[in-house]
Structures are given as structure tokens and as C-alpha cells.
Amino acid sequence: MSTSDTLLLATGKGLIVYRRVKGKWLFSGDFFQGFSVSTVLADDRTGYWWVALDHKHWGQKLHRSRDEGKTWEEMPAPVYPKGEEIRPGLPATMKYIWTIAKGGKNQPDRLYLGTEPGGLFSSDDGGETFTLNQSLWNHPTRPEHWFGGGRNHAGIHSIVVDPRDEKHIHIAVSCAGVFASKDDGQTWEMKHNGLKADYLPNPYPEAGYDPHLLLACFSEPDILWQQNHCGVYRSVNGGDNWQEITSPDGSNYYGFALGIDHNNPHVAWVIPALSDKIRVAIDRSLFVQRTDDGGKTWQTFRTGLPQGNCYDIVLRHALAVSGDELAFGTISGCLYISSDRGESWKMINHSLPRIFSAVFV
């Protein structure tokens with residue numbers, strides 16, 4: 001069963017809210033109409049909603065609502081410290097806020113921001129101020145081996161805090177790879193054993209891998225999943241080793257979106273796309289795949305999804321899971337919801353803006 005009756009969509013024209021009313025998902029309203037919302041967080045510790053805005057003229061902005069959107073307050077967006085450089089001669093400035101993540105259960109005021117060009121920022125005062133994680137920013141691989149995956153610079157899009165120990169953090173960077181810290185971000189270790197980067201002359205570099213999304217199972221946090229540029233991967237030992245679990249026919253080798261069942265470490269969903277060069281639905285048909293056995297086998301589901309005339313794809317944060325219910329939004333503004341674990345789908349709207357992120361509240 002679903003555990004949520006509210007769905008937040010970060011889109012190219014605002015934050016859009018859907019609510020379930022008498023069993024039907026209905027449009028409830030929007031905020032920041034006309035402005036691009038890059039990501040949204042509904043913080044269950046406080047009930048606050050957070051959004052990052054990507055203004056073409058005014059840059060990156062951060063807003064917080066304490067009352068589910070009735071009122072909003074602009075918070076100071078983080079800045080890269082003066083003198084920091086992406087590479088020699090190129091000053092580091094905030095280009096994009098990829099993700100907003102909450103801290104652990106013993107960190108009620110901790111927030112994280114993953115940004116482009118590859119900076120991890122944290123706040124310990126509820127988002128009033130943010131500090132760049134210097135240890136990660138100064139990682140020896142960054143100046144030469146971090147680069148943009150589809151954008152000009154590297155971006156941190158996934159931040160995973162271990163529910164057993166909030167000092168244990170995983171992040172994923174496109175393009176750099178997976179990094180882990182066990183001391184609250186003071187030091188970082190690369191977690192690339194088993195991954196590949198077949199777009200590079202050396203497919204097994206020290207850094208330069210391209211995880212598209214990284215997730216950890218809440219009930220068994222040592223089990224990590226990633227949809228990578230080069231396949232689907234799973235780790236059962238906290239990222240120390242990765243096993244490729246791409247479907248035998250290669251259909252989910254490339255894609256962005258990933259969802260997992262936080263109560264069952266063997267279950268995950270992906271929504272594949274056709275290659276990094278083309279980036280459209282495979283065979284012009286949209287489908288969802290699910291594994292129930294840790295990636296040994298995959299099932300493909302198409303009921304309710306467009307077949308044969310669809311070019312749509314789903315971005316990395318645009319698939320949400322809540323119990324048996326799933327929702328995803330596409331780059332052409334189509335919103336789909338499933339109440340049977342992804343086996344059949346219903347279109348809720350086909351006329352929304354490009355959807356960057358979907359979150360059940």
C-alpha cells in the first residue's frame with residue numbers, strides 16, 4: 001500500500017503539487033510559477049519543504065517553506081569560497097544545485113547540498129549557513145579527473161547518509177565516481193572496485209566514473225544500488241565491491257532513473273534509455289523494469305505506457321517510490337503513477353513542464 005497522499009514535482013516551470021483526493025491524484029497547485037526548480041526535499045524531520053531554483057539571470061537560489069508551501073522564505077544560497085578554482089585559472093562559482101539531502105537522526109539541523117562544479121556543502125544550523133567540504137573539494141583526483149557528464153563540470157547528485165551512523169556518507173559524482181567517508185566528511189575513500197567507464201581510453205581509471213544515481217536500502221544500508229552510465233550495479237558491502245547486474249539483453253545498460261524498496265534489499269526499478277549519444281526511449285517505447293532478486297533477473301512492464309511513438313526519457317531524480325506505489329515524470333512533462341509496484345501505469349497528465357524530480361511526501 002502507498003504511504004503518501006502528496007507528490008511534489010520539481011519542474012522547469014515551478015514546483016507542482018499533486019494530492020490524492022478520494023483515491024484520485026489531482027493537481028493541487030504550484031509555486032515559483034515560470035521558474036526552473038532543479039530539486040526538492042520534503043524533510044520528514046521538520047516537515048519543511050526545500051527547493052532549489054535555477055534562475056537564468058540570478059543564478060542558484062534556495063527557498064524553504066515551514067507550512068507546505070503556504071509561505072516561503074529565501075535562504076542564503078551557498079557560495080564557493082573566494083580563491084577556489086575548478087582548475088588553475090578558472091574560478092569556482094555555483095553553477096547548479098543538484099540535490100538537497102537531510103542529515104542523520106542525531107543531526108536535526110544538518111542539511112547537505114550537492115552542487116556543480118563538484119562541491120559538497122553542509123549546514124548545521126537548519127540551512128541558515130553552508131560550508132564547503134574542503135576535504136572532498138581538495139581530493140587529489142578532482143582537478144584532473146573530475147569532469148562534466150552532459151554538463152560543463154562535475155556534479156554531485158547523490159548523497160546517502162547511513163541511518164546507523166550519520167558520520168558514514170556516500171556521494172556520487174558525474175563524472176568522477178563514488179566516494180565514501182566514515183568520519184563525517186573529514187576524509188574520503190573512492191569506491192570503484194567493479195565499475196567501468198567504457199567511454200574513456202582506459203575503462204578502469206582511478207576516477208572518472210559516471211554513476212547516474214546512487215541509493216542505499218534503509219533496512220540494510222550496506223546494500224547500495226546505482227544506475228550507471230555503463231550499466232546497473234549493486235554492492236552488498238557498502239560499495240567496497242560492485243557487481244554489474246545489467247539485464248542479459250543489455251536493455252537497461254543506459255538510463256538515469258532508479259528506485260528501490262527500502263524494506264526489501266533485493267528489489268529495484270529502472271527506466272532505461274537508448275545510449276548516451278541518442279537519449280530517447282528504446283524502440284520509441286517507454287517501459288519500466290523491476291528486479292525482485294538483486295538483479296539476477298529483470299521483468300519488463302509496459303501496460304499504460306506509450307509504445308512505438310514515444311521519445312521520452314526519465315531524469316535521474318524523477319522516479320519516486322512509496323510502498324507499492326511509484327510515480328515518475330518525463331522530460332516532455334508526462335506524469336505516470338502505478339499502484340501495483342510498477343506493473344501497470346496510469347497517465348495523470350501529459351502537459352506538464354520538464355520534470356526534474358519527483359518526491360512522495
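Provided above is the structure to which this section pertains.
Residues numbered from 1 in each chain as written. Predicted model: local features only at pLDDT ≥ 70, side-chain atom pairs only at ≥ 80, totals over all residues. Heavy atoms only, no water.

A.B. asks: Break down the environment of Ser174 for me, with residues and values.
C.D. replies: Here Ser174 lies in strand S15 (residues 169-174). In this structure Ser174 comes out as buried when scored by relative accessible area, which is 6%. Counting along the chain gives 47 residues from Ser174 to Gly127, while the straight-line C-alpha distance between them is 25 Å. Discounting residues that sit within four places of it in the chain, Ser174 has contacts with Phe147, Gly149, His153, Ala154, Gly155, His157, Asp210, Pro211, His212 and Arg316. Of the polar contacts made by the side chain of Ser174, one reaches the side chain of Asp210; its length is 2.7 Å. A distance of 2.8 Å separates the side chain of Ser174 from the backbone oxygen of Pro211, its partner in a polar contact. (Helix = DSSP H or I, 4+ residues; strand = E, 2+ residues; numbered from the N terminus. Buried < 20%, exposed > 50% of the residue type's maximum accessible area, 1.4 Å probe, protein only. Contact = heavy atoms within 4.5 Å. Polar contact = N/O pair within 3.5 Å; in protein donor to acceptor, adjacent residues only side chain to side chain.)

A.B. asks: With reference to specific residues and values, describe the packing of aromatic side chains.
C.D. replies: Evaluation of the coordinates by the stated rule reveals twelve aromatic pairs. With a centroid separation of 6.4 Å and an interplanar angle of 40°, the aromatic rings of Phe35 and Trp58 are classed as tilted. Of this pair, Phe35 sits in the loop between strand S3 (24-31) and strand S4 (37-42) while Trp58 sits in the loop between strand S5 (49-55) and strand S6 (59-65), and the two are 23 residues apart along the sequence. Every member of this aromatic cluster is reached through a ring pair, and the members are Phe31, Phe32 and Trp72. Here the guanidinium or amino end of Arg142 rests over the ring plane of Trp137, the centre of that ring lying 3.6 Å away. A cation sits over an aromatic face here: Arg151 above Tyr96, 4.3 Å from the ring centre. (Phe/Tyr/Trp six-rings, centres within 6.5 Å; stacked < 30°, edge-to-face > 60°. Lys NZ or Arg CZ within 6 Å of the ring centre and 35° of its normal.)

A.B. asks: Report on the sheet that holds strand S29 (residues 346-349), specifying residues and quantitative values.
C.D. replies: The strands making up a sheet associate through backbone hydrogen bonding, with each pair oriented either parallel or antiparallel. With antiparallel pairing, the four strands of this open sheet are ordered in space as S26-S27-S28-S29. Here the strands that pair on one side only, and so sit at the sheet edges, are strand S26 (319-322) and S29. Neighbour to neighbour, the strand axes of the sheet diverge by 20° on average, direction disregarded. As judged from the three bridges shared by strand S28 (residues 335-338) and S29, these two strands associate in the antiparallel manner. Within S29, the position partnered with Ile337 by the bridge is Lys346. (Pairing = 2+ DSSP bridges. Axes fitted to C-alpha atoms, helices over the stretch in contact; angles between N-to-C directions.)

A.B. asks: I'd love a proper account of the state of the cysteines, names of residues and values included.
C.D. replies: Under the criterion given, the structure shown has zero disulfides. Cys175 supplies the cysteine sulfur nearest to Cys230, a cysteine that is in no disulfide, at a spacing of 9.1 Å. Between Cys334, a cysteine without a disulfide, and Cys310, which holds the nearest cysteine sulfur, the sulfur-to-sulfur distance is 7.2 Å. (Disulfide = S-S within 2.5 Å.)

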